[in-house]
Amino acid sequence: MDPETSLSEDDVRGIVWQVWTAYLHCTPDVQAAPEPLADTADVTASIGVAGAWNGLAVLRCGLPAAGVIAGAMLDVDPVSANADDCADALGELVNILAGNVKSLLPQPSHLSLPQVVVGRAKVVWPGTTALHTLQVTLNDEPTVLTILSGEPKPHM
């Protein structure tokens, strides 16, 4: 079976629902997203998957959503969550999501360390293609998860 088709949108939606429920203690609204908030995200967290399947899991959101996530994961006040709190929480969340995605992909596959960019930046991965993009809304704040397939090429 083609690894690209073995990971369905329903699989990713189920992972998101389980992770949000278990770690953020809420029932998320998960919808297909038309695009991944590339230029409007205040926080971008990513983690690579390499091996029998190559790609990335990318989580993007605004600072209010990052604060809500940090608040739930780190037991801090969402409004006063600082940049380090947001980076830690989003890095851990994308790690958990990617680990669950990896479990459905051909093996052997390995995860990289998460990378988190706090601040508006155009973070891109040339050589990859969006496989699935989902928007998760929590307290009226959107967070977008994109699963990219392919091997990222250096961006010059």
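Residues take numbers from 1 onward in each chain, read along the sequence in its written order. In keeping with the model being predicted, local features are shown solely for residues with a pLDDT of at least 70 and side-chain atom pairs are shown and tallied solely at 80 or more, while totals for entire chains, interfaces and linings include all residues. To get the side-chain values, all heavy atoms of the structure are used, and hydrogens and water are removed first.

A.B. asks: Help me understand helix 3 (residues 63-74), please; the structure alone is not making it clear to me.
C.D. replies: Structural remark: α-helix, 3.6 residues per turn; residues separated by three or four positions point the same way. The end-to-end C-alpha separation of helix 3 is 15 Å, in line with the 16 Å expected for 12 residues at 1.5 Å each. Each residue is assigned to one of three classes by its accessible area relative to the maximum for its type, calculated with a 1.4 Å probe on protein chains only: buried under 20%, partly exposed between the two thresholds, exposed over 50%. Only DSSP runs of H or I with at least four residues qualify as helices, and only runs of E with at least two residues qualify as strands; both kinds are numbered from the N terminus onward. When helix 3 is considered as a whole, its buried residues turn out to be Ala65, Ala66, Gly67, Val68, Ile69, Ala70 and Gly71. Contacts from the buried residues of helix 3 go to helix 2 (9-23), strand 2 (43-51), strand 3 (55-61), helix 4 (83-102), strand 6 (129-138) and strand 7 (141-149). A positive phi of about 55° marks Asp75, the residue just after helix 3. Multiplying 1.5 Å by the helix residue count minus one yields the expected span of that helix. Between two residues, a contact is recorded if the distance between any of their heavy atoms is within 4.5 Å.

A.B. asks: Is there a simple way to think about helix 2 in this case?
C.D. replies: The end-to-end C-alpha distance of helix 2, which contains 15 residues, comes to 21 Å, matching closely the 21 Å that a straight helix rising 1.5 Å per residue would cover. For helix 2, the secondary structure elements touched by its buried residues are strand 1 (29-32), strand 3, helix 3, helix 4, strand 6 and strand 7. Looking one or two residues beyond helix 2, the residue adopting positive phi is His25, at roughly 55°.

A.B. asks: Quick question: what am I supposed to make of the state of the cysteines here?
C.D. replies: By definition, a disulfide links two cysteine residues through a covalent bond between their sulfur atoms. Disulfide: a pair of cysteine sulfur atoms within 2.5 Å of each other. If you walk through the whole model with that rule in mind, you get zero disulfides. Cys61 carries a free sulfur, and the closest cysteine sulfur to it, the one in Cys86, is 7.5 Å from it.

A.B. asks: Even after reading the chapter, I still don't get the nonpolar core, so can you show me in this structure?
C.D. replies: Soluble globular proteins: nonpolar side chains tend toward being buried together. Val16, Trp20, Leu59 and Leu97 are the most contacted members of the largest nonpolar core, which totals 38 residues. Where this core is concerned, the elements lending two or more residues are helix 2, strand 2, strand 3, helix 3, helix 4, strand 6 and strand 7. Broken down by element, this core gets its largest block of residues, nine residues, from helix 4. Apart from the residues within four sequence positions on either side, Leu59 is in contact with Trp20, Val43, Thr44, Ala45, Leu90, Leu93, Val94, Leu97, Thr143, Val144 and Leu145. What makes a nonpolar core is a set of buried Ala, Val, Leu, Ile, Met, Phe, Trp, Tyr and Cys residues whose side-chain atoms join them at distances within 4.5 Å. Of all hydrophobic cores here, the second largest spans five residues; its members include Val58, Val123, Trp125 and Leu148.

A.B. asks: Please explain unusual backbone geometry as it appears in this structure.
C.D. replies: For residues besides glycine, phi is generally negative; the peptide bonds are generally trans as well. Note the cis peptide between Gln107 and Pro108, where omega equals 5°. The topology assignment puts Pro108 in the loop between helix 4 and strand 4 (109-111). For Asp75, which is not glycine, the phi torsion reads 55° and is therefore positive. Looking at the element boundaries, Asp75 is found in the loop between helix 3 and helix 4.

By themselves, these observations are geometric and do not establish any function.
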